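Observations on the model geometry
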Amino acid sequence: VLADDMGLGKTLQALAWIAWLRENALNPQPSTLNPSLVVCPKSVTDNWVSESTRFYPSLPVRRWSGETTDALTTARAEADIIVINYAQLRSLSPAIAKVSWQAVILDEAQYIKNPDSQTAQAARALKADYRLALTGTPIENRLLDLWSIFSFAMPGVLGNRAEFLRRFNAQDD
């Protein structure tokens, strides 16, 4: 989880990490590596594409434009990074959960602050070797927001939901 103020470079740090993962993969054949998936608000999808193109032109990036799930195989073959928005994540689920990703990055991860939401469930179902949550607001309303983000990024590290609420969410704490 990378929680930092807006404008301090979370996107660029995440792109540098993806480039590092691809360069240092155990598999010596880059063409056989799974691509990475970036899930972000619709308003910043173009920013991910432009920042990737500007700083890492050797990493082909593809912005998902609402195709059917059938196009997922072609997109994965064409790009090292696929950028989708949260609504697309929900619409592509459960098909998108059946494929493996090198890394999954949730930008503005507070979109999954409600662990019961379809968005949070779809995000947790994704299969990836690595997961990263980027947010400027890891806690907006309650501690459960933080648990939900960690349940995506590091499942189990804060215990299960009931245990977390019993231990940390006491009203008099």
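Quick look at the structure, then. (Residues numbered from 1 in each chain as written. Predicted model: local features only at pLDDT ≥ 70, side-chain atom pairs only at ≥ 80, totals over all residues. Heavy atoms only, no water.)

1. Topic: unusual backbone geometry
Going from Ser 93 to Pro 94, the amide bond is cis rather than trans, its omega being 10 degrees. Within the secondary structure, Pro 94 sits in the loop between α4 (86–92) and β5 (100–107). In this model, Glu 108 sits at a positive phi of 55 degrees, which is unusual for a non-glycine residue. By the element assignment, Glu 108 lies in the loop between β5 and α5 (118–125). (Helix = DSSP H or I, 4+ residues; strand = E, 2+ residues; numbered from the N terminus.)

2. Remarks on the layout of surface pockets
What the largest pocket holds in volume is close to 250 Å³. Considering the residues around the largest pocket, the lining is formed by 14 residues, among which Gly 7, Gly 9, Lys 10, Thr 11 and Asn 47 are closest to the centre. Contributing elements (two or more residues each) for the lining of the largest pocket: α1 (10–23) and α2 (45–55). Within the lining of the largest pocket, the residues separate by chemical class into 5 nonpolar, 4 polar and 5 charged. (1 Å grid on protein atoms, 1.4 Å probe; cavity = no way out; pocket = protein on both sides within 12 Å on 5 of 7 lines; lining within 4 Å. Points joined across faces, edges and corners; volume = space filled by probe spheres on them. Nonpolar A, V, L, I, M, F, W, Y, C, P; charged D, E, K, R; others polar.)

3. What about the environment of Glu 67?
Note that Glu 67 resides in the loop between β3 (61–63) and α3 (72–78). Looking at Glu 67, the relative accessible area reads 25%, which means it is partly exposed. For the pair Glu 67 and Leu 92, spaced 25 residues apart in the sequence, the C-alpha separation amounts to 9.4 Å. Within the local environment of Glu 67, its side chain forms a polar contact with the backbone nitrogen of Ser 65, the two atoms lying 3.1 Å apart. (Buried < 20%, exposed > 50% of the residue type's maximum accessible area, 1.4 Å probe, protein only. Polar contact = N/O pair within 3.5 Å; in protein donor to acceptor, adjacent residues only side chain to side chain.)

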